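Overview (structure and organization)
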Amino acid sequence: MLALASVGTLRAIELATEGGTPLSVVISSKAGERTRQVANELADKLKTITTKPFVVTVADGRTGIVLGTAADFPAISHDERLTSKAITDRENYLIRSEDHRLVLIGNTELAVEHAVWDLLHRLGWRQFFPGKTWEIIPHRHDLRIEVNRFESPAYHARNIWPGFGAISERRADIAAWNARNRATKGVELSSGHAYDHILHEHAKEFAAHPEMLALVKGQRRGPKFCISNPALRALVVADLVKKFDDDPALDSISCEPSDGGGWCECADCAKLGSVSDQALTLTNEVARALAAKHPGKIVGQYAYNEHSPAPSIHAEDNVVISIATGFIKGGLTMEQLMDAWSAKARTMGIREYYSVWPWDHDMPGQARGAQLDYLARTIPDFYGSGARYLSAEASDNWGCNGLGYYLASRLLWDPEQANNVDAIFDDFLDHAFGGAKVPMEKFYTLINRGRPPESDDLIGRMYRRLQEAGDLEIDDGTRARLDDLILYTHACELWLDYSAAHGTARQRAAEAMLRFAWQIRTTGMIHTMAMWRTIVRDKTVKLPDDCLWTIPEGKNPWKHSKAFTRDELDDLVEQGVAHRTIADFEPTTFSSELRPASSLKLTSAKPGNFGLMQRGNGSYWTWVDKVPAEIHVRLTAGLVYQNQGSAKVRLFPTAETQGASVSEGEAPPDKQAREIVLKTTFVGLHRIEVEDHRSGSKLEVLDGMPCTFNAAFDQTATIHGRYDLYFYVPRGTEAVGGFAEGAGRLLNGDGVRVMEFTSKPGYFKVPVAEGQDGRLWKFEFSSGKRVLLTVPPQMARSAVELLLPKEIVERDARAKK
């Protein structure tokens, strides 16, 4: 620990006792305004907790709650980590209880703020989501603490920010949440697109010297540069270094290329190497000039889009490369990118996407920010690979992602907290919901510990958990938090109705959704601004001119801020429970030991198909009777995007004890089919895995070998286009139950239509009539997701290609005899 001058013995200290005078909050006469403000805030919070008058005084720091920087109290701390001038040490602080004082000393005023919120957290105070409703204040007459901690964040920048911005009524609350959860930036890392700004600032020079612009299809044009041009490099270096000349307080400057393509095609740029080599060449030149004139400053750049693959050259030591977790090219996984870049750059950052409204629509479990397992895995993994900065685009949508954002703030400060995710979850439930913990654990498990399909079943289960919680004896604070979640659940309900509607019904659903979104905007349960400003892209919906986002309340007939009454909130829950039905069947579990279904002597009519293509990582299952064997497949890649790299196919025998691939091949993204031979020396079940980086691919297993697709929730690939696939209904099955998202038909064993699916997602249940079990049923002319939950989730184009769970094959084969 720290070497401290004139410290007392470490022990528990009483901040307040029921009959005594509370300790004063002590600051130095040299304290800055920021420290004075947070000292007053600490005193106010402690008074609220204890009802006792904590006062802020100026003193020498021998007693009391001593709050300030190391420079404010030089007699207390001599540790170099609290006096370091390194920009990455700014957030270091000490919190230590002694005989007559509690010491909260920081390297900077920002670090002092962190120490204050750390102390309050240790005393039971919480700010789970922005705003008063989600501030949890314990109430105790006695306050006692024993602590001895030096704290320094793992990530120097922990930036969780709302894409589309935040409405004015929410900005102060969001800023306070960031400060109180230490989700801030000790170092201001700039990595945004910079080329466009340089083009604008030096428009005359570029007009006079077009040879500095990229050569694209024979023409010189922006927004990319001809980086091989020495004059261009000199202009960029001078421009960016001047930024520090003008403002020495800057921590960093960005040399990130403009968005999109358009890289220079001239021969001299080609000599520099890949697009990543070209981008880093310019960044490095800026970095060298900066290091010479402004040592300690940083140059930021993304690994993104066409320059996401690692270069052949090394980055300068003062360059930070932030790898984007989306829009990456080159056919590499995130793990592969991290490994490759860590060999080329001393320090890295991460450009994350915790929530993007057009992708997830504020729905439960759809965004990365909602997936606790994803956060607990990636934040420590990124750190272990060298990442020290993380900037996450998010949304002001705390109904679905609030718990994830809160967890991320804890993990970004200390990635080892990934080992305590269950404890953090439990702490959240205890503090936020108290006596309603049990039903709310079910609620948050539903929306944050999985990826539930958007359906009536999901909304119905959310309402039922809220109804159970609301029927318990709870305090006013818990009631207010439940009310927020009622409003969030109804917003999800409105989105579900809108997304499935057509024609005039869609217009009415859009209006109802936007009216409601505005009415609840200050709760932050959904990102109202993002929703309103994105729906205008829906060409099937017409927003009247006086109903646009820019038209304020009072002039906009769709905007009003009337608060919901108790009766209205209760009615939302009652109506939700009544009208949003949940699946009334119990899922059946089947083993993953698949076998050929030939012993069942099944027959199928016209062969089916797997649709137009798949997108994402898809798995298909086949069977090998004799070895050595060759499995002939046909792979077509690049059916949607031709710049994501080749699609890869790998063969994994289940008998291979290390889980390794024994054969693989790839197809370039040129929409041309490639025949690939996968070889194996293993008998039995094999998994064929296709990885296409969501660029669109199609796999065909040739020679009549089995080819089975698992219709399960955890299947990451999505089938696109119409497909016709068979599945087996075991003997004795009473009902076929599952989940469907997308139109189509369900045919029984006689080929008779027993159900028509619409585009609206939801669970389905079809009784199995006498004589229809022990046969193949079929999804015909279908699109979208199908998940089978009461029958084996295997689908194939024909009876010959179908593999089924071993126990089902053996049982039904015996019954057939």
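Relevant structure appears above.
Sequence order as written defines residue numbering, which begins from 1 separately in each chain. Totals for whole chains, interfaces and linings use every residue, but because this is a predicted model, local features are given only for residues with pLDDT of at least 70 and side-chain atom pairs only at 80 or more, for both listing and counting. Heavy atoms from the whole structure form the basis of all side-chain values; hydrogens and water molecules are not counted.

1. Overview of the sheet that holds strand β5 (residues 93-97)
The following threshold applies: Here, any two strands with at least 2 DSSP bridges between them count as paired. In DSSP terms, a helix is any run of H or I states spanning at least four residues, a strand is any run of E spanning at least two, and both are numbered starting from the N terminus. Helix axes are fitted only over the stretch in contact, all axes being lines through C-alpha atoms; the angle between N-to-C directions runs from 0 to 180 degrees. Contacts are assigned to residue pairs with any non-hydrogen atoms lying within 4.5 Å of each other.
Pairing in this open sheet of six strands is mixed, and the strands run β3-β2-β4-β6-β5-β10 from one edge to the other. Taken across any chain shown, the strands that pair with only one partner, and hence form the sheet edges, are β3 (56-58) and β10 (148-151). Within the sheet, the average angular offset between the axes of one strand and its neighbour, ignoring direction, is 15 degrees. Of the pairings in the sheet, the one linking β5 to strand β6 (residues 101-106) comprises five bridges and is antiparallel in character. By the bridge assignment for β6, Arg96 is matched with Val103. On the sheet, helix α2 (residues 109-122) packs against β4 (64-69), β5, β6 and β10 and is oriented at approximately 40 degrees with respect to β5.

2. Some thoughts on the pattern of salt bridges
Convention followed: Salt bridges, as used here, are contacts in which a Lys or Arg side-chain nitrogen is within 4 Å of a carboxyl oxygen on Asp or Glu. Accessible area is worked out with a 1.4 Å probe on protein chains only. A residue is then buried under 20% of its type maximum, exposed over 50%, and partly exposed in between.
For the structure shown, the criterion picks out 58 salt bridges. Put simply, Asp422 and Arg449 hold a salt bridge, and the shortest N to O gap is 3.2 Å. Here Asp422 is found in helix α13 (residues 421-433), whereas its partner Arg449 is found in the loop between α14 (437-448) and α15 (456-470), with 27 residues between them in sequence. Taking relative accessible area as the criterion, Asp422 reaches 54% and is therefore assigned exposed. Taking relative accessible area as the criterion, Arg449 reaches 29% and is therefore assigned partly exposed. Each of Asp118, Arg122, Arg149, Glu151 and Arg182 takes part in salt bridges that share partners, so that together they form one network.

3. A word on the packing of aromatic side chains
Going by this rule: Ring pairs shown here join Phe, Tyr and Trp side chains whose ring centres sit within 6.5 Å, with only the six-membered ring taken for Trp; geometry is labelled stacked below 30 degrees between planes, edge-to-face above 60, and tilted in between. Only Lys NZ and Arg CZ are tested; either one counts as a charge over a ring when it is within 6 Å of the ring centre and within 35 degrees of the ring normal.
Scanning all chains against the criterion turns up 37 aromatic pairs. Between Phe206 and Phe225, the ring centres sit 5.6 Å apart and the planes meet at 10 degrees, which makes this aromatic pair stacked. Taken together, the residues span a long stretch of sequence, with Phe206 in helix α5 (residues 203-208) and Phe225 in strand β13 (residues 219-225) at a distance of 19 residues. An identical accessibility class is assigned to Phe206 and Phe225; each is buried. Ring pairing ties together the aromatic residues Phe128, Phe129, Trp134, Trp177, Trp398, Tyr405, Tyr406, Phe428, Phe433, Phe443 and Tyr444, which thus form one cluster. Here Arg388 stacks its cationic end above the ring of Tyr383, 3.7 Å away from the centre of that ring. Sitting above the plane of the Tyr498 ring, Arg506 keeps its charged end 4.2 Å from the centroid.

4. A short note on the packing of α15 against helix α19 (residues 566-579)
In plain terms, the rule: Roughly parallel means an angle under 35 degrees; roughly antiparallel means over 145; roughly perpendicular covers 65 to 115; every other angle is labelled oblique. It is the rotation of the near helix from the far one that decides the hand of a crossing: anticlockwise by less than a right angle makes it left-handed, clockwise makes it right-handed.
In the contact formed by α15 and α19, the axes pass within 9 Å of each other and the chain directions differ by 135 degrees. As the angle between them shows, α15 and α19 are arranged oblique. Considering only the axes of α15 and α19, their crossing is left-handed. Contacts between α15 and α19 involve Tyr463, Arg464 and Gln467 on the former and, on the latter, Leu572, Val573, Gly576 and Val577.

5. Some points on helix α20 (residues 806-816)
To keep things clear, this is the line we draw: Arc definition: it is the arc formed by the directions from the helix axis to the C-beta atoms.
The set of residues buried in α20 consists of Ile808, Val809, Asp812 and Ala813. Around the axis of α20, the buried residues are gathered within 120 degrees of arc, so they sit on the same side. Exposed positions of α20 whose direction lies more than 90 degrees from the buried face are Arg814 and Ala815. Packed against the buried residues of α20 are β19 (594-596), β30 (723-729) and β38 (803-805).

6. Some thoughts on the nonpolar core
Put simply, the rule is: Among buried residues, the Ala, Val, Leu, Ile, Met, Phe, Trp, Tyr and Cys ones that are joined through side-chain atoms within 4.5 Å form a nonpolar core.
Within the largest apolar cluster, 126 residues are counted, with the highest numbers of intra-cluster contacts made by Phe225, Phe428, Phe433, Met440 and Tyr444. In terms of residues, this core owes the most to one element, helix α16 (residues 476-500), which gives 11 residues. Ignoring anything within four residues of it in the chain, the contact list for Tyr444 reads Phe129, Trp134, Leu403, Phe425, Phe428, Leu429, Phe433, Arg449 and Leu485.

7. Focus: the pairing of strand β17 (residues 347-353)
Most of β17 sits inside the fold, with seven of its seven residues counted as buried. Note that strand β16 (residues 319-328) and β17 share five bridges and pair parallel. Its bridge partner lying in β17, Val320 is registered against Thr347. Summarising the sheet, β17 and strand β18 (residues 387-394) pair through six bridges and their orientation is parallel.

8. Regarding the sheet that holds strand β11 (residues 157-162)
Read from one edge to the other, the open sheet built from six strands follows the order β11-β18-β17-β16-β15-β14, with strand pairing classed as parallel. The open sheet terminates on both sides in strands that have one partner only, identified here as β11 and β14 (252-254). Averaged over all pairs of adjacent strands, the angle between their axes in this sheet comes to 20 degrees, without regard to strand direction. Bridge count between β11 and β18: six bridges; the pairing is parallel. Pairing of Ala157 across the sheet is with Tyr389, part of β18. Sitting on the sheet, helix α8 (residues 275-293) touches β15 (298-305) and β16, and the angle it makes with β15 is about 170 degrees. Strands in contact with helix α9 (residues 334-342) are β15, β16, β17 and β18; relative to β16, the strand with the most contacts, it is inclined by about 160 degrees.

9. Section: the environment of Ala370
Secondary-structure assignment places Ala370 in the loop between α10 (357-360) and α11 (372-384). The buried category is assigned to Ala370, whose relative accessible area is 0%. Separated by 33 residues in the primary sequence, Ala370 and Leu403 place their C-alpha atoms 7.2 Å from one another. Excluding anything up to four places from it in sequence, Ala370 contacts Gly365, Cys400, Asn401, Ile447 and Asn448.

10. Some words on unusual backbone geometry
Cis rather than trans, the peptide bond between Gly222 and Pro223 has omega equal to 10 degrees. Turning to its location among the elements, Pro223 is positioned in strand β13. Geometrically, the link from Val627 to Pro628 is a cis peptide bond, its omega value of -5 degrees lying close to zero. Although it is not a glycine, Arg182 sits at a positive phi angle of roughly 55 degrees. Following the sequence through the fold, Arg182 ends up in the loop between α3 (168-180) and α4 (195-201). Located in the positive-phi region is His693, a residue other than glycine, with phi close to 55 degrees. In this fold, His693 is placed in the loop between β26 (684-691) and β27 (697-701).

The quantities given are spatial measurements derived from coordinates; they are silent on function.
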